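Geometric and topological summary
Take a look at the letters that make up each chain.
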Amino acid sequence: MPTTRLDRTRVARVALDLLNETGLDGLTLRAIAQRLDVKAPALYWHFKDKQALLDEMATEMLRRMTADLEGGPDDGWEAALTSAMRTLRGHLLRYRDGAKVYSGTHFTDTSYAAPMEAQLHRLTRAGFTPSAAARAWLTAYSYTIGYVIEEQAGGDYDLAARAERLKDHPLAAAAGEELFRGRETGFEAGLTAVVTGISTTLRPSRPN
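What you see is a predicted model, and the numbers here were worked out from it, not measured in a lab. (Residues numbered from 1 in each chain as written. Predicted model: local features only at pLDDT ≥ 70, side-chain atom pairs only at ≥ 80, totals over all residues. Heavy atoms only, no water.)

A few words now on the confidence of the model for the protein. Averaged over all residues, the pLDDT of the protein equals 90, while 94% of them reach at least 70. Mean pLDDT across the elements of the protein ranges from a minimum in helix α9 (residues 170–180), with 89, to a maximum in helix α10 (residues 183–201), with 96. (pLDDT = per-residue confidence, 0-100. Helix = DSSP H or I, 4+ residues; strand = E, 2+ residues; numbered from the N terminus.)

The structure is reproduced here in structure tokens:
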């Protein structure tokens, strides 16, 4: 029987499917090899270690979201940047531990270049210097990835028990409702604060 050729992209795709079943801690080269019906050493022709595999998985995730990140509203940089971060969050949430896999990796191709170029072009066209545009993109990008890491790690939180433990610290206790409920509205509120801060601190003032 003919078999599908084993390559880096195929391995990464199977690994992403398996990720949703096992989570990052349970994802091993051995488990991926079993799913591919090959011996584990066969994967080392393509990946020297698990980190190399994670790099390829993150790149495959990015390939899948590239068109969505590159597009977006044409009615201003704020709307475009906000839309891109919503897209990034939505894609990361498709995978169990998706943000952990995505963060801290090195992309294995230039899939990231087109969406980054499009967003930086919008920002510079709106008056940002190239360096300020890069900082603006990184700030929103880092907020989004960090938020999703916490979101995916949080699970269900017993706020009543938390409030009881913190009864001597009433403000910290009351903060639990904001911190651990309404992830969607919480993300939107934080993203608005980030974009507003970018506008205030990074965009040069334009003369009237």
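This part takes up unusual backbone geometry. If you check the backbone angles, Asp-37 has positive phi at about 60 degrees while not being a glycine. By the secondary structure assignment, Asp-37 is in the loop between α2 (29–36) and α3 (50–70). Despite not being glycine, Asp-97 shows a phi value in the positive range, around 60 degrees. Within the element layout of this structure, Asp-97 appears in the loop between α4 (77–92) and α5 (98–102). Looking at Asp-97, the relative accessible area reads 18%, which means it is buried. (Buried < 20%, exposed > 50% of the residue type's maximum accessible area, 1.4 Å probe, protein only.)

Right, let's talk about the packing of aromatic side chains for a bit. A full pass over the atoms with the stated rule returns 8 aromatic pairs. Note on Trp-77 and Phe-128: the rings are 5.0 Å apart at their centroids and 80 degrees apart in plane angle, and the pair reads as edge-to-face. Residue Trp-77 is located in helix α4, and its partner Phe-128 is located in the loop between α6 (113–125) and α7 (130–154); the two are separated by 51 residues in the primary sequence. Clustering of aromatic rings is evident, with ring pairs tying together Tyr-102, Phe-107, Tyr-112, Trp-137 and Tyr-141. The cationic tip of Arg-89 hangs over the ring face of Phe-187; the distance from NZ or CZ to the ring centre is 4.9 Å. (Phe/Tyr/Trp six-rings, centres within 6.5 Å; stacked < 30°, edge-to-face > 60°. Lys NZ or Arg CZ within 6 Å of the ring centre and 35° of its normal.)

Another point: the nonpolar core. Most often, soluble globular proteins have nonpolar side chains that are buried together. Core analysis: the biggest nonpolar cluster contains 55 residues, and Ile-32, Met-57, Met-85, Tyr-102 and Phe-128 have the highest contact counts within it. Where this core is concerned, the elements lending two or more residues are α1 (8–26), α2, α3, α4, α5, α6, α7 and α10. Not counting chain neighbours up to four residues away, the residues in contact with Ile-32 comprise Val-11, Val-14, Ala-15, Leu-18, Leu-27, Leu-43 and Leu-53. (Core = buried A, V, L, I, M, F, W, Y, C linked by side-chain atoms within 4.5 Å. Contact = heavy atoms within 4.5 Å.)

Another point: the UniProt feature "DNA-binding region" (unreviewed entry) in the protein. On the UniProt side, "DNA-binding region" (unreviewed entry) is annotated at positions that read residues 28–47 here. Counted over residues 28–47, helix gives 40% and strand 0%. Its end C-alpha atoms are 12 Å apart. (UniProt positions renumbered as here; feature names shortened; annotations may be inferred.)

Our focus in this paragraph is the environment of Ala-153. Its place among the elements puts Ala-153 in helix α7. When its relative accessible area of 52% is taken as the criterion, Ala-153 is described as exposed. It is 21 Å that separates the C-alpha atoms of Ala-153 and Lys-50, two residues lying 103 residues apart in sequence.

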